[in-house]
Amino acid sequence: MALTFLSVSNLPLLNLTAQFQQAYGYRPTVIARAPGRVEFIGNHTDYNGGAVLGAAIDRYVTVAAAPNAMGHFRLHSTSGAKPMDLAAVPAGRLTGADSWANYPLGVWRSIGDFKLPQPAGFDLLVDSDLPGGAGLSSSAALELSTALAFLELAGAAPLAPERLAALGRHAENDYVGVPCGILDQGTSAFGRAGQLVHIDCRGPKFSRVPLPAGTHLWIFNTKEKHALIDGLYATRHRECLSAAQTLGVALLADLTPAQLDKIGAPGGRALPPKIARRAKHIVEEHARVHDTVEALQRGDLATVGRLLTASHRSSQHLFENSTPGLDRLVDLLEKHPAVYGARLTGGGFGGAVMALAGDAFTAADAEAIAAQSGSHPEIIHLLSADGAAVVWKG
Ligand code: ADP
Ligand code: MG
């Protein structure tokens, strides 16, 4: 195999090429990959016009592709998802075992919506080492890797990361039907090893913040999910919008904690107590993202850790989107001398805790904490990583 352009280790690419050859009988012409992401801090801030910090992680969706000479759209995944061969891209959304194809086909259609050149047909193989169900955003990684591969097949000029993120989000919102914010695609597009991605969700505006060396991300995925999670998410959304309306602002992130304390703090008269707790969580969380950026810029990991744990306590007591299992993990992690801080990551109501730890924190430490927690979490050790890119062209 001639390697004309290579930015990642050789072996996985050779493997993927062999798998593509097995599926389609010839070699791919492009390989692209995109990282998953962790929500570092910024809990439910996105739809409140606030900021969020994400980390692109060293687990990826990698796709190999080539133009299909018949103009067909063929899809394979090493995950065991149903292989497909379509003569045309269907107008409607696919369901059941076909539904995974909504991601690559939605990306193909989004490329058209963005007035960019689409390949007339393609053969696609999807591979991933992102664990499912851990909230690490395999969907955005699938969208961005696929978009880069398709644009390469069509001979398009390189796309700016803002546009790539917007295109992936458009595919997920409009063609998969998931009303996600910009965190997942923005972090996967802008990620950089040794940095975090700061997103001002109002623009959205993207920037990068250094993550000091010797820091590790550890995920403890309890896999517990609240049965009513969609309803609870919608309820929180409604509560936040109602608080903003009563307080006379468009979105809660328009308020500073001092302003909120004056007009709408819990115990005050402007808001019912529960709504006041929700508002306090969002307004203070938005401020915590800002404080975290400043602490990162100073290299002050002790303060970063305190802010992470404070974010969790706010979820636990004010936003009430934590669970006893997640709280117990944070309690244990907080006490470990090599852990800077820990918090629930993602929407909450179950799911995973993220800890920021130093080099001294080992897999044995993580296993001991997992055993004490009683919730049998899956442990995933992650480092920050570079964003979506074409990694090989034949
Ligand atoms: P996540 O938090 O991982 O983004 P989502 O539910 O948003 O979870 O997206 C997961 C969906 O993305 C899967 O159900 C599947 O349809 C698609 N997907 C992700 N990775 C792969 C893969 N390797 N092969 C096929 N489909 C995938
Ligand atoms: Mg997703």
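Residues numbered from 1 in each chain as written. Chains lettered and ligands numbered in written order. Predicted model: local features only at pLDDT ≥ 70, side-chain atom pairs only at ≥ 80, totals over all residues. Heavy atoms only, no water.

A.B. asks: Outline the overall build of the chain, listing residues and values.
C.D. replies: Helix and strand counts for the chain come out as 11 helices and 12 strands. Here the chain has a C-alpha radius of gyration of 22 Å; the compact-globule value for 394 residues is 21 Å, and the two agree. C-alpha extents for the chain along the principal axes are approximately 70 × 45 × 40 Å. When contacts within the chain are restricted to residue pairs at least 6 apart in sequence, those whose partners lie at least 24 apart make up 72%. Distance between charge centres in the chain, computed from 33 positive and 35 negative side chains, equals 4 Å. (Helix = DSSP H or I, 4+ residues; strand = E, 2+ residues; numbered from the N terminus. Rg over C-alpha atoms; globule rule 2.2 N^0.38 Å. Contact = heavy atoms within 4.5 Å. Lys, Arg positive; Asp, Glu negative; His and termini not counted. Charge placed at Lys NZ, Arg CZ, Asp CG, Glu CD.)

A.B. asks: Can you lay out the sheet that holds strand β9 (residues 339–345) for me, pointing to particular residues and giving the numbers?
C.D. replies: As summarised here, the arrangement of the four strands in space is β9-β10-β8-β11, forming an open sheet in which the pairing is antiparallel. Two strands lie at the open edges of the sheet, namely β9 and β11 (378–382), each paired on one side alone. Within this sheet the neighbouring strands show an average axis-to-axis angle of 20 degrees, counted without direction. Here five bridges tie strand β8 (residues 215–225) to β11, and the two strands are oriented antiparallel to one another. Within the sheet, the bridge partner assigned to Ile219 lies in β11 and is Ile380. Sitting on the sheet, helix α10 (residues 324–335) is in contact with β8, β9 and β10 (350–358), with an inclination near 10 degrees to β10. Running at roughly 25 degrees to β8, helix α11 (residues 363–373) makes contact with β8 and β11 of the sheet. (Pairing = 2+ DSSP bridges. Axes fitted to C-alpha atoms, helices over the stretch in contact; angles between N-to-C directions.)

A.B. asks: Please set out the site of ligand 1 residue by residue, giving values where relevant.
C.D. replies: Every residue close to ligand 1 is listed here: Ser77, Ser79, Trp100, Tyr103, Val126, Ser128, Gly135, Ser137, Ser138, Ser139 and Leu142. Taking Ser139, its side chain carries an N or O atom lying 3.0 Å from an oxygen atom of ligand 1. In isolation ligand 1 exposes 570 Å². Once the protein is present, 68% of that is buried. Contributing elements (two or more residues each) for the shell around ligand 1: β5 (122–128) and α3 (138–153). The leading source of residues in the shell around ligand 1 is α3, at three residues. (Near = heavy atom within 4 Å. Polar contact = N/O pair within 3.5 Å; in protein donor to acceptor, adjacent residues only side chain to side chain. Areas by Shrake-Rupley, 256 points an atom, 1.4 Å probe, with all protein chains shown as cover.)

A.B. asks: Which residues make up the domain arrangement of the chain, and what values do they have?
C.D. replies: For the chain, the assigned domains read domain 1 (13–210 + 384–393) and domain 2 (215–382). Taking only C-alpha atoms, the centre of domain 1 and the centre of domain 2 are 27 Å apart. If you look at the interface, domain 1 gives 29 residues, while domain 2 gives 40 residues. Buried surface at the junction of domain 1 and domain 2, both sides included, amounts to about 2700 Å², of which 66% is carbon and sulfur. Remark: the boundary between domain 1 and domain 2 carries two salt bridges. (Domains from an automatic or database assignment. Buried area = accessible area lost by both parts, 1.4 Å probe. Salt bridge = Lys/Arg side-chain N within 4 Å of Asp/Glu carboxyl O.)

A.B. asks: How would you explain α11 if you had to name every residue and give the values?
C.D. replies: Among all positions of α11, only Ala366, Ile369, Ala370 and Ser373 are buried. For α11, the arc enclosing every buried residue in end-on projection is 100 degrees, short of the 170-degree limit, so these residues lie on one face. Seen from the buried face of α11, the exposed residues on the opposite side, beyond 90 degrees, are Ala364 and Ala371. Here the buried face of α11 lies against β8, α10 and β11. Looking one or two residues past α11, Gly374 carries a phi angle of roughly 75 degrees, positive in sign. (Buried < 20%, exposed > 50% of the residue type's maximum accessible area, 1.4 Å probe, protein only. Arc of directions from axis to C-beta.)

A.B. asks: How would you explain the nonpolar core if you had to name every residue and give the values?
C.D. replies: Grouped together as the largest cluster of nonpolar side chains are 79 residues, with contacts concentrated most on Phe40, Leu53, Leu105, Phe122 and Leu136. Residues from two domains meet in this core; each of domain 1 (13–210 + 384–393) and domain 2 (215–382) gives at least three. Excluding its chain neighbours within four sequence positions, the residues that come into contact with Phe122 are Ala66, Pro67, Asn68, His72, Phe73, Arg74, Leu75, Leu105, Trp108, Phe150 and Leu153. If you look at the next biggest cluster of nonpolar residues, it comprises 17 residues, including Leu333, Val353, Phe361 and Ile369. (Core = buried A, V, L, I, M, F, W, Y, C linked by side-chain atoms within 4.5 Å.)

A.B. asks: How would you explain the packing of aromatic side chains if you had to name every residue and give the values?
C.D. replies: Applying the stated rule across the entire model yields eight aromatic pairs. Taken together, a centroid distance of 5.1 Å and an interplanar angle of 75 degrees make the contact between Phe73 and Trp108 edge-to-face. You can see Phe73 sitting in strand β3 (residues 73–77) and its partner Trp108 sitting in helix α2 (residues 102–113), a full 35 residues away along the chain. Taken individually, Phe73 and Trp108 each receive the classification buried, so the pair is uniform in this respect. One aromatic cluster is present, formed by Phe73, Trp108, Phe122 and Phe150 through successive ring pairs. The lysine or arginine in question, Arg33, covers the ring of Tyr60, its NZ or CZ lying 3.7 Å from the ring centre. We note Arg236 situated over the ring of Phe319; from NZ or CZ to the ring centre the distance is 5.8 Å. (Phe/Tyr/Trp six-rings, centres within 6.5 Å; stacked < 30°, edge-to-face > 60°. Lys NZ or Arg CZ within 6 Å of the ring centre and 35° of its normal.)

A.B. asks: Requested: an account of the packing of α3 against helix α5 (residues 183–190), with residues and values cited.
C.D. replies: Following both chains from N to C, one finds α3 and α5 inclined at 50 degrees, their axes separated by 9 Å at the closest point. Relative to α5, α3 is oriented oblique. The hand of the α3/α5 crossing is right-handed. For the pair α3 and α5, contact is made by Ala140, Ala141, Glu143 and Leu144 and by Asp184, Gln185, Ser188 and Ala189, respectively. Of the residues belonging to the contact of α3 with α5, the class tally is four nonpolar, two polar and two charged. (Parallel < 35°, antiparallel > 145°, perpendicular 65-115°, else oblique. Left-handed = near helix turned anticlockwise from the far one by under 90°. Nonpolar A, V, L, I, M, F, W, Y, C, P; charged D, E, K, R; others polar.)

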